[in-house]
Structure formats: C-alpha cells, structure tokens
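Here is how the chains run, residue by residue.
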Amino acid sequence: MKMKRGLKLLALVGVLSLVIAACGGGEGGDTSTTASEAETTTSAAGEETTTSAAGETTTAPAEGLGTIEVAAGEPIKIASLQSISGDTASLGTDQVRAIEIAIADKGEILGHPVELAFNEDDGCSSEGGQTGSTRIIADPQVVAVIGTSCSGAGVPASNVITSAGRVLISGSNTSPVLTSDLAGNASAEYHDGYFRTAHNDAIQGAAAAKFVFEELGLTQVATINDGDPYTQGLTGAFEAPFEALGGTIVESTAVTADQTDMRPVLTEIAAAGAELIFFPIFQPAGDFIAEQALEVAGLEETVLMGADGLLSDTYVTLPQTEEMYFSGPQTPTTDAYAEFVTKYTEAYGEAPIQSFHAHSYDATNMVFNAIETASTDDGGTLTIDLQAFRDALNEMTYEGLTGSLSCDDFGDCASPNIDIVQNTAETADIEGVRGNVLISYSREDLGL
Amino acid sequence: MTEAATVEARPARRASRITPVSVFLWALRIAILAIILYGSYLSISSGRLSAAQWRDLFVFGISTGSMYALIALGYTMVYGVLRFINFAHGEVFMVGGMMAFYVANALAVTPLWISSPALSLLIVMVAAMFTSTAVAVIVERIAYRPLRGAPRLIPLITSIGASFTIQYLVRGLVGPATTSFPRMEPLRGTFEFGGFVILKTQLLVIVAALVMMGGLYLFVEKTRTGKSMRAVAEDPETAALMGINVDRTIVNVFAIGGAMAGVAGGLWGLVFPSINFFSGFLPGIKAFTSAVLGGIGNIVGAMLGGVSLGIFESVGPSLVLAGYEIPAFSQLKDVVAYAALVLVLIFRPTGILGERLAEERT
C-alpha cells in the first residue's frame, strides 16, 4: 500500500512536470510563491516541480535563444514534420522528397553533413502537429523544422517549436491565421520564428473570388469548409473579397473531414440556389462532395471549385472532378525547376505528386543559407546562434525555384502568383491540370 | 386491519416513487421534446427546403441507415451470444469494402463490367462477403476463442486490439492512400416510379439490405442453425447440455455477422466510392450506436436502429438545428446522431425494441 502511494506521487510529479514542460512558456513563477505549509505532501511535491521548471525556463531568454553546438564531424540536424500517412499523404510525401533532394544537393554546410534527424507525421491534424513537434524539440540538436503540411497541424507546431527557440518553416501552410492578414496585423497564432515559403491564403482567396466573379461571371456562391484552419481561413479569405466585388455568399457551411454523406449539406446548398460551390478542403471529403453534387437535384448546373489542398494526382484523376476549377500556387517554368523535376523523377520513379515540393525545396535551402550566416566555426566545432539564425532568415532574400523569397515581419516569405486551373478531359494527371492555366493573378492584380 | 394497511401503503409507495430524479427526468424529456418540435416547426415553416428536398433527405437517410443496419447486425448478434462488443467489426466491414474495391477495379477493365453489370456486381458482392466472413471467423478463432471463459471485459479489450491489428495490416498491405471505386454506369442516375425519384444506387442499397435482413431473420427463426444460435444466446451451458456445439454456433454467428458486414462494405463502396484503411472506424461506431439504439442483442432492433440513426443523421441537422439558425449545422451531423442515441435512451433505457436477454445473465 505504501509502495503504491509512493508510486502515485511519483506519477503525479512526472505528469505535472510534463505538463509544465509542454506549456513551456517563459511566464510562471508568480503562482509558485503561494506555496503554503498547510498543503498536503502531494501538492507540495507539485509546487516543487513548478518552481524548478520555472527556474529553468526563465534563465533562457536572458541569453537570447541560446546556441547549438555541432562537434567536428557531427551532422547538422534538421527535421521534417509533414503529413505522410492517411488521406493527405501525397501532400506531405511530396515535400519530404523535396527536402531529401535539397539535402542531397547541398552536400555539406561548413564541413558538416546535414542529417534529416526526424521524419515525423503531422497527421494533418492539430494533435499530430502537437505530438510531432514535441518529439522533435526533445532533441536539442535540431536547428529547424521543415513543416507542417497542413495549417491545422501548424498552429500547435508553431507554438511548440518557436517557444523552444527553434525555427519552423513551412512549404505548404497557407492559412492567414499562422502569419498575418497581409495588411500589417499579426494573426492570433503568429509566433516569432515561424516562416513559410507558401502563399498566404488571403491572396489565394482573393484570386479565386476575382476569378469567379469576373471570369465566370457568377454571383451566387456557396462555400464549404471542414473546420480546419486552412479550409476555414481560405473560405473566409474568399468570402470577404467576393462580397466586396458585389457577389453574394448564399451559404457558408461546414462539414467534418471524415464525413461521407454530403447529400444533406448539398441539398441545403441547392435550396439556397448556389451557382458555384467553393470547397477548399481535403480528400476524401472532397471526393464525396464532387461525386454527390452530381446526384443532388438542383445542382446539375452548379460549378465546382476547389483549391490547392485538392490539387493532387489522386484527386484530379477521379472521374467526378472533371470540369472542376482549382486555385493554387503557380507552377514555376524556369530551367532550375525543370532540373529539379528531373531529379525528383529519377529518385522516386514518378513526377511530383502535389503542388508544394518546390516550396519545401526552397524552404530547406533558406535554412541552409541561414545556418551558414548564423554560425561560427571554431576549429571544426560549429556554433549556431539561434537568434542570429532567425534574423538571417528574416533578412535574407533568396532566389528560389518559386521565385524571389524575402520574409515580411510575420513570416510570409513568398510573393506568389496564384494560378486558376481547370481539370478537363484532356488533362490526364496532376501535371496536366497544373499546366492548364486559365488565368494567373499576382499580388498586385489583387491589390494586396 | 391488513386490508386497511395495504390501502394506506399503496399511495405511500406511489408517492415514494416520485423522486426528484424522476421529476427531473420528466422535465428533461418534456424540455427536449419541446426544443425538437419548436426547431422543426421553425425549420419547416421557413419554407427553406421544398417537400421534394425533405423527401430526398429521408431517402438519403434510409439508404445510409440500411448500411448501418447491416453492420449493426454483427455487433448485436455477437453481443447476443457472447455479451461483449466486438469492436473489430468495423474493420471486418472495411476489409469487405477493400476486397470489393480490388475486385471491382479488376473487373472494370474487362468487357464483363459493361456487358453484364449485374453479374459483375454480384461477383464484387460475393467476394466482399467471403472476405469479411473469413476475417470475422479468423478473428474469432485467434482473438476470442482462447478467452472464452474469461470475464467479458477481456475480449472487449482484445477486440480493440484486433481492430488496430486489422487496420494496420491493411495499411501495410495496400498503403495509406485513399483509393476510389470504378464507376458503374448502369447504376448512375435516378429511377422513377409514380413521380417518386430515387437514385439507383440508393434503391439498390435499400433493396439489397432488405433482402439480406429478411434472409437473416428467416434464417435465425426457421433453420436448425438459427435455432441453435438462439439457444446459445439464451443459455450456452444448457444449450451444450442439449447437444448443441457451442463453439461451432459461435463461429456461425461471427460468419453471418461478417457476411452482412461484407455486403455492407460492398454497398458502401457503391454509394461512397472511396476507401482507405481507416474507413471502417466511423461506420463501425455508427453501427454500434445503431445496435444500442435498437436494443443491443436484438436483431430486429439493430435493423430498426440503423435505419433510424440514418434518418436522424440525415434529416436532423436540417430539421432541428437549421430552425434555430445554427451556423454550419451540417457539421453537427454526428452530434445529432449521438444526441439521438442519448435521447432515445432517456425515453427508453433499453433501446427502441429493448434488449433481448435472458434475465439472469445480464
């Protein structure tokens, strides 16, 4: 019995310290001073952990973000946190391959090899982002994390990784919630130390809205999101400019990511009289909407439009997605990109399977360049100053595959063009669809 | 004297039954009914959806619900004889769907797919049925039979383990990606009779489910094997004394449950033509809910529970939630489904038709 109680206490202390480590913020301290003598042993033990943990974390900011030392011959560690299983596996796998190619291309940084120390799965969910990033930062040698694939995973990952002093740089997070609204206001989930080479969906939403209103001439639109920050952010970014142009959002609704029966929601949309449905969600929910929209009475003439989350080979080859429109990042046309695609195809036996590989390739190279700037070499031992590393990323102008990248105050590094593409009978695969550009919008075209 | 005492005692006993809890429960029931009715009134009177659209919602609900019902049969039958919930049953369904997908894909490139779609469909369904049956029987043999005498909680936990094992075996075998079924042209479009329009796939699903469930009901009620199943469900020890091979009967139960799940898997693929290794989870949980809704252990209850759950899920958000102008109410479909379960259990704690258990064994 005594033994048991001891174990319980130990477990409690362990859990508490885990919780505190996970919260990881700099604040604290205040509450720990209220420890009173009258407390039972259990809570006293709890208080003890609070003080010791708070003591450790408060020392860190005094010296900046700290440094990472890489001994002679040791590799520089970076990590990948991408969606590599489940329905969005193609989105993440595509980028992991790009990171691997970038590492192979780079070879060495100041005499040290680069190691992809983690290849974590973000599960395209906030739980996945939380678990994966916590696992990664447990290794104090990891300098930067390339990820996440999904904005939903990016929200917790950005918090966890940046508060550990490291950098998260994503090639495919597009939700405005992670950076800013592009009008100079930081978003709720922006943390210093977060960067991305993908576009901000404020741009994509505006581009899609402009296309629907001006090119298709449709004014009655329904939007569907699945509650994820990416999809919610993008439908929001579509609705505001669309209404500003003079269009009407007849229904702004949501489904869940694992929902299969979309007919009820589509019936509602038919009743609302939508001419176009904009559903920037993921597979498989996107499959079901496209399939069942063909069957619901009243939607026979309704145009379907998706976004970059659905621009994958597994989606555009479905029969029901023919004639669908998509918005997405512009496909580079440079020789450097063609060379990259050749390497990709040689290494993995297929052409790129999604739209964000080039973005992750650029992100990885930006990390390499920033490491070079921020480290000092002392007889083979490399010292990377984490604050200088962040500053280097902030100040860098990098000419990458996706164009010229220079980060603004809130981590948005891309100045992207958005392509509107259509899946037709002639476009056999994702390459064909991405090549079938109807119109391309730059940031200036959209007045952002 | 004694008469007077009983006369006095009766009202007293009655009074003592009206506890604060039962008052609260009745108030809760009335409040919930009022909320549902008022929401429905608001929603219908707004004229947002036409009568045809309401009818469509019902039909969608019935077709999804009949698939839930087919899966729910497996839960309820296993519960009937072994008194535990076989959580691996959702995966048995998924494996059937996977096999249906592979067979359909293989057939889709042959001329048979175009020339005789009915035959191809039959092949697909039979393949799905056999695969699911085999998996269900193997799971029973490996995971449950060695635990026959153990407390009921142990096979329950084992079933969760079996569920994960099957899921990730399939993931290992076919990969994590979502794959999609080939189209079957004759099943596209709608079917009309007397002004009533229904999607052909849905009609097929409803008819197939009815045939399967009718067949199962006759099988359980009329055949010797069915009789032995009912006997084992009643009391396995006495059944054994009567010369019934209990182990074989249990295998039969798993096999039939698996076959139903396999058919459901194939039908599911026709209606929702995408599948991955995780596809069995949600329908499995929904079917389990259906089984409880109808009264677990009760075969007719499972059928009724499945169809009701399908209808609640399909009509509920538009009918009740939309009336209160809740934004994005379609997302709350699952909330409606599980809330319906809670509500039905508040009114009828043993489910719509009631548990059918031998009293002493519960």
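Once a new chain begins, its residue numbering starts again from 1 and follows that chain's sequence as written. The naming scheme follows written order: chains are lettered A onward, ligands numbered 1 onward. Local features in this predicted model are restricted to residues of pLDDT 70 or higher, and side-chain atom pairs are both shown and tallied only at a pLDDT of 80 or more, whereas totals for entire chains, interfaces and linings draw on every residue.

In terms of regular secondary structure, chain B is built from 14 helices and four strands. Over its C-alpha atoms chain B spans a radius of gyration of 23 Å, differing by no more than 12% from the 21 Å that the globule rule assigns to 362 residues. Along the first, second and third principal axes, the C-alpha set of chain B runs to 90 × 65 × 40 Å. With C-beta atoms placed from the backbone, a residue is labelled by how many other C-beta atoms lie within 10 Å of its own: buried for 20 or more, exposed for 12 or fewer, partly exposed between the two. A total of 362 residues make up chain B; the buried ones form 47% of that total. In this description a helix means any DSSP run of H or I spanning at least four residues, a strand means any run of E spanning at least two, and both kinds are numbered starting from the N terminus. For the radius of gyration, the atoms used are the C-alpha atoms, and the globule rule reads 2.2 Å times the number of residues raised to 0.38.

Next up on the list: the overall build of chain A. Secondary structure assignment for chain A yields 14 helices and 18 strands. For chain A, with 448 residues in total, the buried portion stands at 53%. We call two residues in contact whenever the C-beta atoms placed from their backbones are within 7 Å. In chain A, 74% of the contacts between residues at least 6 apart in sequence involve partners at least 24 apart.

On to the pairing of strand S13 (residues 375-378) of chain A. The side chains of a regular strand alternate, residue by residue, between the two faces of the sheet. All names here are of chain A. Only when DSSP finds a minimum of two bridges between them are two strands counted as paired. Looking at chain direction, S13 and strand S14 (residues 381-385) are connected through four bridges and run antiparallel. Its bridge partner lying in S14, Thr376 is registered against Thr383. Hairpin connection from S13 to S14: two residues lie between these consecutive antiparallel strands, with Gly379 at a positive phi of about 55 degrees.

Once that is clear, we can look at the confidence of the model for chain A. Residues and elements named next belong to chain A. Overall, the predicted model of chain A reaches an average pLDDT of 83, with 86% of residues at or above 70. Along the chain, pLDDT gives the predictor's confidence residue by residue, from 0 to 100. When the elements of chain A are averaged for pLDDT, helix H2 (residues 41-62) gives the smallest value, 41, and strand S6 (residues 167-170) the largest, 94. This model gives residues 19-62 a pLDDT under 50, and the stretch forms 36 contacts once residues within four places in sequence are excluded.

Another point: the nonpolar core. We define a nonpolar core as a collection of buried residues of the types Ala, Val, Leu, Ile, Met, Phe, Trp, Tyr and Cys that are connected via C-beta atoms lying within 7 Å of each other. A:Ile277, A:Phe389, B:Ala69, B:Leu70, B:Met260, B:Val263 and B:Ala264 are the most contacted members of the largest nonpolar core, which totals 210 residues. At 17 residues, the largest contribution of residues to this core is made by helix H3 (residues 51-82) of chain B. When we break this core down by domain, the ones giving at least three residues each are domain 2 (68-198 + 356-406) and domain 3 (202-330 + 418-441) of chain A. Other than its neighbours up to four places away in sequence, B:Ala264 contacts B:Met67, B:Leu70, B:Ile71 and B:Phe93. Counting residues in each nonpolar core, the second largest holds five residues, with B:Leu319, B:Leu321, B:Ala322 and B:Phe329 among its members. The split of the chain into domains comes from an automatic or database domain assignment.

Before going further, it helps to examine the interface of chain A and chain B. Of the residues lining the interface, 29 residues belong to chain A; the matching set on chain B comes to 28 residues. Every element with two or more residues in the side of chain A that touches chain B is listed here: strand S9 (248-254), helix H8 (263-272) and helix H9 (285-293) of chain A. When residues in the side of chain A that touches chain B are grouped by element, the largest group, six residues, is from H8(A). Each residue is assigned to one class: nonpolar for Ala, Val, Leu, Ile, Met, Phe, Trp, Tyr, Cys and Pro, charged for Asp, Glu, Lys and Arg, and polar for all the others, Gly among them. Each residue belonging to the side of chain A that touches chain B can be placed in one class, and the counts come to 11 nonpolar, 10 polar and eight charged.

The next thing to look at is helix H7 (residues 229-245) of chain A. All names here are of chain A. With 17 residues, H7 should reach 24 Å at 1.5 Å per residue; the first-to-last C-alpha distance of 24 Å fits that figure. Those residues of H7 lying buried are Pro229, Tyr230, Thr231, Gln232, Gly233, Leu234, Thr235, Ala237, Phe238, Pro241 and Phe242. Tucked inside the fold, the buried residues of H7 contact helix H5 (151-163), helix H6 (201-215), strand S8 (220-225), S9 and strand S10 (276-278). Phi turns positive one or two residues past the end of H7, at Gly246, with a value near 120 degrees. By definition here, a helix of n residues has an expected span of 1.5 Å times n minus one.

Residue and element names in this part refer to chain A. Pairing within the open sheet is mixed, and its six strands lie in the order S3-S4-S2-S5-S6-S7. Only two strands of the sheet have a single partner each, and these edge strands are strand S3 (108-109) and strand S7 (194-196). Both strand S2 (residues 76-82) and strand S5 (residues 142-147) contribute to a ladder of five bridges, which runs parallel. From the neighbouring strand, Leu81 faces S5, where its bridge partner is Gly147.

Glancing now at H6(A). Residues separated by three or four positions in an α-helix point in the same direction, a consequence of the helix having 3.6 residues per turn. Residue and element names in this part refer to chain A. For H6, built from 15 residues, the straight-helix expectation of 21 Å at 1.5 Å per residue is met to within 8% by its first-to-last C-alpha distance of 20 Å. With 12 of 15 residues buried, H6 lies mostly within the body of the structure. Of the residues making up H6, those classed as buried are Asp201, Ala202, Ile203, Gln204, Gly205, Ala206, Ala207, Ala208, Ala209, Lys210, Val212 and Phe213.

Residues and elements named next belong to chain B. Summary statistics for chain B give a mean pLDDT of 85 and a share of 93% for residues scoring 70 or more. The low-confidence segment residues 1-9 (pLDDT under 50) makes zero contacts with residues lying over four places distant or belonging to another chain. Segment residues 358-362 is flagged for pLDDT under 50; beyond a separation of four residues in sequence, or across chains, it makes three contacts in the model. On the interface metric, ipTM, the complex scores 0.78, and its pTM is 0.77.

Turning to the sheet that holds S8(A), a few remarks are in order. Residue and element names in this part refer to chain A. A sheet is described by the order of its strands in space; here seven strands give the open sequence S9-S8-S10-S11-S12-S17-S18, paired in mixed fashion. Looking at strand neighbours, the two that pair on one side only are S9 and strand S18 (437-441), the edges of this open sheet. With direction set aside, neighbouring strand axes in the sheet form an average angle of 20 degrees. Here three bridges tie S10 to strand S11 (residues 303-306), and the two strands are oriented parallel to one another. From the neighbouring strand, Ile277 faces S11, where its bridge partner is Leu304. In this analysis, axes come from line fits to C-alpha atoms, helices being fitted only over the stretch in contact, and the angle between any two N-to-C directions falls in the range 0 to 180 degrees. Of the strands in this sheet, S8, S10, S11, strand S12 (325-329), strand S17 (418-422) and S18 touch H6, which is tilted by about 50 degrees from S17. Along the sheet face, H7 touches S8, S9 and S10 and points at about 165 degrees away from the line of S8.

All names here are of chain B. Running from N to C, H3 and helix H4 (residues 89-108) cross one another at 140 degrees; their axes reach a closest spacing of 10 Å. Between H3 and H4, the interaxial angle falls into the category oblique. Considering only the axes of H3 and H4, their crossing is right-handed. Residues Ile71, Gly74 and Tyr75 of H3 touch H4, and the partners they reach there are His89, Val92 and Phe93. Of the residues in the contact of H3 with H4, the class split is four nonpolar, two polar and no charged. By definition in this entry, angles of less than 35 degrees are roughly parallel, angles greater than 145 are roughly antiparallel, angles of 65 to 115 are roughly perpendicular, and the rest are oblique. Rotating anticlockwise by less than a right angle from the far helix to the near helix defines a left-handed crossing, while the corresponding clockwise rotation defines a right-handed one.

All names here are of chain A. A cis amide bond links Gly147 with the next residue in sequence, Thr148, at an omega value of 0 degrees. As for its position among the elements, Thr148 is in the loop between S5 and H5. Residue Gln283 is joined to Pro284 through a cis peptide bond whose omega torsion reads 0 degrees. Structurally, the position occupied by Pro284 is in the loop between S10 and H9. Residues other than glycine seldom take positive phi values, yet Leu182 does so here, at roughly 70 degrees. Within the secondary structure, Leu182 sits in the loop between S6 and S7. Take Leu182: there are 19 C-beta atoms within 10 Å of it, and that puts it in the partly exposed class.

Right, let's get into the packing of helix H12 (residues 281-294) of chain B against helix H14 (residues 333-347) of chain B. Residues and elements named next belong to chain B. Look at H12 against H14: their axes get within 10 Å of each other, and the N-to-C directions meet at 20 degrees. With respect to their mutual orientation, H12 and H14 come out roughly parallel. Between H12 and H14 lies a crossing whose hand is left-handed. Residue-level inspection shows Lys286, Thr289, Val292 and Leu293 of H12 in contact with H14, the latter providing Ala337, Tyr338, Leu341 and Val344. Of the residues assigned to the contact of H12 with H14, the class counts are six nonpolar, one polar and one charged.

Residue and element names in this part refer to chain A. Burial of S17 is extensive: four of the five residues sit out of reach of the surface. The pairing of S12 with S17 spans five bridges and is classified as antiparallel. Across the sheet, the residue bridging to Phe326 is Val421, located in S17. Bridge count between S17 and S18: four bridges; the pairing is antiparallel. Pairing of Asp419 across the sheet is with Ser440, part of S18.

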